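Report on the structure
Take a look at the letters that make up each chain.
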Amino acid sequence: MNNFAYVRPNDVDSALALIRSRPKARFLAGGTNLLDLWKMGVEQPQTVIDISRLGLTDIAARPDGTGLRIGALARNSDVAGHPLVVSQYPVLSRALLSGASPQLRNAATMGGNLMQRTRCPYFYDPAFPSCNKRNPGSGCGALNGYNRNHAILGHSDQCIATNPSDMNVALAALEAQIRVIGPDGERVIPMGEFHRLPEDHPELDTTLQPNELITAIDLPPMADTKHAVYLKVRDRSLYAFALVSVAACLAIENGVIGSARIALGGVAHKPWRVPEAEALMRGVTPDRSICERVADRLLQGAYAYRYNRFKLTLAHRSIVRALTVAAAAS
Ligand SMILES: Cc1cc2nc3c(=O)[nH]c(=O)nc-3n(C[C@H](O)[C@H](O)[C@H](O)COP(=O)(O)OP(=O)(O)OC[C@H]3O[C@@H](n4cnc5c(N)ncnc54)[C@H](O)[C@@H]3O)c2cc1C
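Residues numbered from 1 in each chain as written. Predicted model: local features only at pLDDT ≥ 70, side-chain atom pairs only at ≥ 80, totals over all residues. Heavy atoms only, no water.

**Some thoughts on the site of the ligand**
How we decide: Consider each residue's heavy atoms; a residue with any of them within 4 Å of a molecule or strand counts as near. What qualifies as a polar contact is a pair of N or O atoms within 3.5 Å, subject to a donor-acceptor requirement within protein and to the restriction that residues adjacent in sequence count only when both atoms come from side chains. To be clear on the numbers: accessible area is Shrake-Rupley with a 1.4 Å probe, and residue cover counts the displayed protein chains and nothing else. Strands here mean DSSP runs of E at least two residues long; helices mean DSSP runs of H or I at least four residues long; both are numbered from the N terminus.
Of all residues adjacent to the ligand, which total 33 residues, the nearest are Phe27, Gly31, Thr32, Thr109 and Asp166. One of the side-chain nitrogen or oxygen atoms of Thr109 is found 2.7 Å away from an oxygen atom of the ligand. Between the ligand and the protein, one listed contact pairs a nitrogen atom with a side-chain N or O atom of Gln116 at 3.2 Å. Burial of the ligand by the surrounding chains reaches 92%, relative to a free accessible area of 980 Å². Elements represented by at least two residues in the shell around the ligand include exactly strand S2 (25-28), helix H2 (34-40), helix H7 (110-115) and strand S8 (213-219).

The following block contains the structure:
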């Protein structure tokens, strides 16, 4: 058994002082990912800092119509059902509701969801000797192993894991800003820069520093809430991670697309966006051929492995479907 210390600070300053001063410390929010990883022996914290008493649960409109601020400790179920999220950011509500189970969503927090780790079985189970993410330099078991759920975009020969979150895909399409606080004060990380591609350091999932705390997520105002879709394709209709998912937010006026923001899940180490693909939709009347061209561009350079070739076709069809449904919504 590994001994560990459990502490429960009452304010953000105390939480930051603890994470700075204790070796191998981890924040504990809802615990739905950290405790699983701990039980598997992937995580072995020496100090667990329970942040549930910090507040940070508000979900509130920001002044002057500048969007919405969601506290990092707001529960996934509270966010998914909040009237402002349902009416202004339906893509986020749908993405959250497509994830996990009601019990898990009642416990899981927004900060914890942002930070949840890959479901690659070679990472999750230390019985597998090779995983550069868990044990840098040990190799990638998935590369020549069972790689059905793995990446087709942005991978490296060090790691082909995917980010498993549904919420993150919606936040990428919404161009959320992640507010964090650390020893040097507060900073804001654009969602597109929060998660990393694996490159030579797959052990790093995000650009958050180890001694920083996520405090909130800011969402900019949405120009058009009607034409927003979250499509998730998975092995079961419930309680399964995405094989491929698509968050699509279109702004359409008089039948012409003003802007398109499209993010893919289940295909890369981070939510996948390609601005050049989105630009193809600007100023056009949506039809099947433009959706096909956007899918081609989003998947340009995609590369599959032995067991995940089906994702190339699945991702293409999912993008076309999501865009078609989003454009047709009224
Ligand atoms: C059976 C099962 C099925 C699931 N299915 C899905 C699914 O279909 N789709 C999906 O998207 N997710 C799914 N999940 C994942 C679930 O959404 C995550 O486990 C959850 O969102 C994590 O949130 P948490 O608050 O419990 O995080 P915790 O487990 O408490 O923490 C996770 C990590 O985040 C860090 N952390 C937490 N809060 C902060 C903060 N404020 N600042 C800095 N670091 C922080 C912790 O230190 C830890 O490293 C599933 C989980 C389970 C167990």
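**Section: helix H12 (residues 288-298)**
Quick reminder: α-helices carry 3.6 residues per turn. Residues three or four places apart thus point the same way. Stated precisely, the cut-off is as follows: When accessible area is computed with a 1.4 Å probe and restricted to protein chains, residues below 20% of their type maximum are described as buried, those above 50% as exposed, and intermediate ones as partly exposed. The directions from the helix axis to the C-beta atoms form the arc being described.
When we look at burial in H12, the residues that qualify are Ile290, Cys291, Val294, Ala295 and Leu298. When H12 is viewed along its axis, its buried side chains cluster within an angular range of 140 degrees and face the same direction. Put simply, Asp287 is the residue that caps the front of H12, since its side-chain oxygen is 3.2 Å from the backbone nitrogen of Ser289.

**Brief notes about the packing of aromatic side chains**
Aromatic rings in a pair are described by how distant their centres are and how their planes are angled relative to each other. As a reminder, the rule being used: Pairing of aromatic rings covers Phe, Tyr and Trp, the last counted by its six-membered ring, and requires centre-to-centre distances within 6.5 Å; plane angles under 30 degrees mean stacked, over 60 mean edge-to-face, and any other angle means tilted.
Taken as a whole and judged by the stated rule, the model has 4 aromatic pairs. With centroids separated by 4.6 Å and ring planes inclined at 45 degrees, the aromatic side chains of Tyr122 and Phe128 adopt a geometry described as tilted. Judged by its relative accessible area of 11%, Tyr122 is buried. Residue Phe128 is classed as partly exposed on the basis of its relative accessible area, which comes to 32%.

**Some remarks on the side chain of Asp224**
Quick note on the threshold: By the counting rule applied here, Lys and Arg register as positive and Asp and Glu as negative, while His and the ends of each chain are not counted. Put simply, a salt bridge is a Lys or Arg side-chain nitrogen that is within 4 Å of an Asp or Glu carboxyl oxygen. Contacts are residue-level and defined by heavy atoms, with any inter-residue pair within 4.5 Å sufficient.
Counting through the fold element by element, Asp224 comes out in the loop between S8 and strand S9 (228-233). Buried and unpaired, Asp224 has no salt bridge, with Lys226 as the nearest side chain of opposite charge at 5.0 Å. Within polar-contact distance, the side chain of Asp224 engages the backbone nitrogen of Lys226 at 2.9 Å. Polar side-chain contacts of Asp224 include one of 3.4 Å to the backbone nitrogen of His227. Here Asp224 is in contact with Leu250, Ala251 and Ile252, once residues within four sequence places are set aside.

**Some thoughts on the domain arrangement of the protein**
This is how the line gets drawn: Note that the domain bounds were set by an automatic or database domain assignment.
Taken as a whole, the protein is organised into domain 1 (5-53) and domain 2 (228-328). Domain 1 and domain 2 are separated by 36 Å when their C-alpha centres are compared.

**A word on the nonpolar core**
To keep things clear, this is the line we draw: Take the buried residues of types Ala, Val, Leu, Ile, Met, Phe, Trp, Tyr and Cys, join any two whose side-chain atoms come within 4.5 Å, and each joined set is a nonpolar core.
Counting 38 residues, the largest nonpolar core has Ile70, Val79, Leu92, Leu114, Leu171, Ile178 and Leu219 as the members making the most contacts within it. With 6 residues, helix H9 (residues 167-173) is the single largest residue contributor to this core. Sequence-distant contacts of Ile70, defined by excluding residues within four places in its chain, comprise Asp58, Ile59, Val79, Leu92, Met110, Ala216, Ile217 and Leu219. Counting 31 residues, the second largest nonpolar core, distinct from the first, contains Ile152, Val294, Leu323 and Ala326.

**A look at the sheet that holds S9**
What counts is decided by this rule: In this scheme, strands are said to pair when DSSP sees at least two bridges between them. Geometry is summarised by axes, namely lines fitted to C-alpha atoms with helices restricted to the contacting stretch, and by angles between N-to-C directions that run from 0 to 180 degrees.
What the 3 strands build is an open sheet, ordered S9-S10-S11; its pairing is antiparallel. Across the chains shown, the open sheet's two edge strands, defined by having one partner strand only, are S9 and strand S11 (256-265). Mean inter-strand twist for the sheet, computed between neighbouring axes without regard to direction, equals 15 degrees. Here 6 bridges tie S9 to strand S10 (residues 244-253), and the two strands are oriented antiparallel to one another. Paired with Val233 across the strands is Val244, a residue of S10. Sitting on the sheet, helix H5 (residues 90-97) touches S9 and S10, and the angle it makes with S9 is about 20 degrees.

**Here's the deal with the packing of H12 against helix H13 (residues 310-328)**
Let me state the cut-off plainly: Working rule for angles: under 35 degrees goes down as roughly parallel, over 145 as roughly antiparallel, 65 to 115 as roughly perpendicular, anything else as oblique. Handedness of each helix crossing follows the sense of rotation of the near helix against the far helix: counterclockwise by less than a right angle gives left-handed, clockwise gives right-handed. Three categories are distinguished: nonpolar for Ala, Val, Leu, Ile, Met, Phe, Trp, Tyr, Cys and Pro, charged for Asp, Glu, Lys and Arg, and polar for the others, with Gly belonging to the last.
One can describe the packing of H12 onto H13 by two numbers: an axis separation of 9 Å at closest approach and a directional angle of 135 degrees. For the element pair H12 / H13, the angle class is oblique. Between H12 and H13 lies a crossing of right-handed hand. Of the residues in H13, those touching H12 at Arg288, Cys291, Glu292, Val294, Ala295, Asp296 and Leu298 are His316, Ile319, Val320, Leu323 and Thr324. For the contact of H12 with H13, the class distribution of residues is 7 nonpolar, 2 polar and 3 charged.

**Quick word on the environment of Leu219**
Tracing the chain through its elements places Leu219 in strand S8. It is 41 Å that separates the C-alpha atoms of Leu219 and Pro129, two residues lying 90 residues apart in sequence. Once residues within four sequence positions are removed from consideration, Leu219 is found in contact with Thr66, Gly67, Leu68, Ile70, Tyr89, Leu92, Leu171, Leu174 and Ala176.

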